[in-house]
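Each chain, written out:
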Amino acid sequence: MIYLKTDDEIQKIKESCILVCKTLAEVASHLRPGISGFKLNEIAEDFIRSNGGIPSFLGYKNFPASLCISKNEVVVHGIPNNEIFEEGDVVSIDCGVYKNGFHGDSAYTFIIGDTHPEIKKLLRVTNESLYEGIKTAVAGNRVGDIGAAIQTHTEIKQHYGVVRELVGHGVGKNLHEAPEVPNFGKRGKGPMLKEGMVIAIEPMINLGTRKIKQKDDGWTIVTADKKASAHYEHTIAIRKNEAEILSDHSFIEKSIKNNNELGNFS
Ligand code: MG
Ligand code: MG
């Protein structure tokens, strides 16, 4: 069942998404060599709660934290721990907030210090693919158009690995709703996109093989070849001519600019 949202509901989802992005910006201002994922998680949870939200991920299917923190070969769903970050780590941080009855969901991949040009390119291309997907996400198109755009930009043009097992999703009263939004697919296939649908688009793109493994903790997803992976996510509303992006990475990107300890993929 795909729930179409009213403008009032979309506004509430947007408020949750903005709090997610401000939380990620706050986390980015603290991200540097020597800090742990535990500490970042604590900062995020405090920030979310002090702004009237509830962390969506904490307790979701028993997930133990407010952030997913996924370093280097970890694709997604990394559990924050006491390992400290080092120069050269690439770190995907995913956050969800529940506020006023609705969830928001967004993710960004950060570079601590500097890293290899080929990994920077992976991040840049993955981030571009998110916007390539969003361009096709308009009423009358189909879910497969989004996946085809992302797959073309990453797998066909760059020979990166597009993770198949994990996908984007509807967002609303539940963190994960129908439809599933794969990062691969065929144009013109899949459910029709309709005005009022709210979906999270989240390319998870690997430098090497698309194959993944799950660690024994039941959450952490890693690349099978241990090569790096990137992840960017926006929650968007489907409209007639152009999607409305409800999350806002400009908060995060401003925070990266102001933090000398972080690098940029461009
Ligand atoms: Mg997310
Ligand atoms: Mg998501």
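Up top is the structure.
This section reports on the structure supplied with the text. (Residues numbered from 1 in each chain as written. Chains lettered and ligands numbered in written order. Predicted model: local features only at pLDDT ≥ 70, side-chain atom pairs only at ≥ 80, totals over all residues. Heavy atoms only, no water.)

Concerning the coordination of the magnesium ion (ligand 2)
- Donor atoms from the polypeptide that coordinate the magnesium ion (ligand 2) comprise Asp105 (OD), His169 (NE2), Glu202 (OE) and Glu233 (OE), at 2.1 to 2.3 Å from the metal.
- The magnesium ion (ligand 1) is placed at 3.1 Å from the magnesium ion (ligand 2), the two being bridged by aspartate 105. Separated by 31 residues along the polypeptide, glutamate 202 in the loop between β9 (198-201) and β10 (204-206) and glutamate 233 in the loop between β13 (229-231) and β14 (234-237) bring together distant segments of the chain.
- Look at glutamate 202 and you get buried, because its relative accessible area is 6%.
- The exposure class of glutamate 233 is buried, given its relative accessible area of 0%. (Donors = N, O, S within 2.8 Å, 3.2 Å for Na, K, Ca; no water. Helix = DSSP H or I, 4+ residues; strand = E, 2+ residues; numbered from the N terminus. Buried < 20%, exposed > 50% of the residue type's maximum accessible area, 1.4 Å probe, protein only.)

Observations regarding the coordination of the magnesium ion (ligand 1)
- The protein atoms that coordinate the magnesium ion (ligand 1) are Asp94 (OD), Asp94 (OD), Asp105 (OD) and Glu233 (OE), at distances spanning 2.0 to 2.6 Å.
- The sequence pattern formed by the donor residues of the magnesium ion (ligand 1) is D-x10-D-x127-E.
- Look at aspartate 105 and you get buried, because its relative accessible area is 2%.

Side note on empty space enclosed by the protein
- The full count for this structure, using the stated rule, is one cavity of 30 Å³ or more.
- By volume, the largest cavity amounts to about 50 Å³.
- Lining the largest cavity we find Tyr108, Thr109, Phe110, Ile111, Leu123, Ile256, Gly263, Asn264 and Phe265.
- Residues of the lining of the largest cavity, tallied by class, amount to six nonpolar, three polar and no charged. (1 Å grid on protein atoms, 1.4 Å probe; cavity = no way out; pocket = protein on both sides within 12 Å on 5 of 7 lines; lining within 4 Å. Points joined across faces, edges and corners; volume = space filled by probe spheres on them. Nonpolar A, V, L, I, M, F, W, Y, C, P; charged D, E, K, R; others polar.)

A word on helix α5 (residues 250-257)
- Within the sequence span of α5, burial applies to Ile252, Ser255 and Ile256. Down the axis of α5, the sector holding all buried residues measures 100 degrees, keeping them to one side. Among the exposed residues of α5, those pointing more than 90 degrees away from its buried face are Lys254 and Lys257.
- Where the residues of α5 are buried, they touch α1 (7-30), β5 (102-112) and β16 (262-263). (Arc of directions from axis to C-beta. Contact = heavy atoms within 4.5 Å.)

Some details on the packing of helix α3 (residues 117-136) against helix α4 (residues 143-158)
- Between α3 and α4, the shortest axis-to-axis distance is 7 Å and the interhelical angle comes to 155 degrees. Regarding the angle of α3 to α4, the classification is roughly antiparallel. Two packed elements cross with a definite hand, and for α3 against α4 that hand is right-handed. Seen from α3, the contacting residues are Lys121, Val125, Glu128, Ser129, Glu132, Gly133 and Thr136; seen from α4, they are Asp145, Ile146, Ala149, Ile150, His153, Thr154 and Gln158. (Axes fitted to C-alpha atoms, helices over the stretch in contact; angles between N-to-C directions. Parallel < 35°, antiparallel > 145°, perpendicular 65-115°, else oblique. Left-handed = near helix turned anticlockwise from the far one by under 90°.)

Section: the pairing of β9
- Side chains Val198 and Ala200 of β9 all project onto a buried face; the interleaved residues Ile199 and Ile201 project onto the opposite face, where all are buried too.
- The pairing of β9 with β14 spans four bridges and is classified as antiparallel. Bridged to isoleucine 199 within β14 is isoleucine 236. (Pairing = 2+ DSSP bridges.)

A look at the sheet that holds strand β3 (residues 74-76)
- Ordered in space as β3-β12-β11, the three strands form an open sheet in which the pairing is antiparallel. For this open sheet the edge positions go to β3 and β11 (212-214), each flanked by a neighbour on one side alone. Each strand axis lies, on average, 40 degrees off the axis of its neighbour in the sheet, ignoring direction.
- As defined by bridge partners, β11 adjoins strand β12 (residues 221-223) across three bridges and the pair is classed as antiparallel. When the bridges of β12 are listed, isoleucine 212 appears paired with threonine 223.

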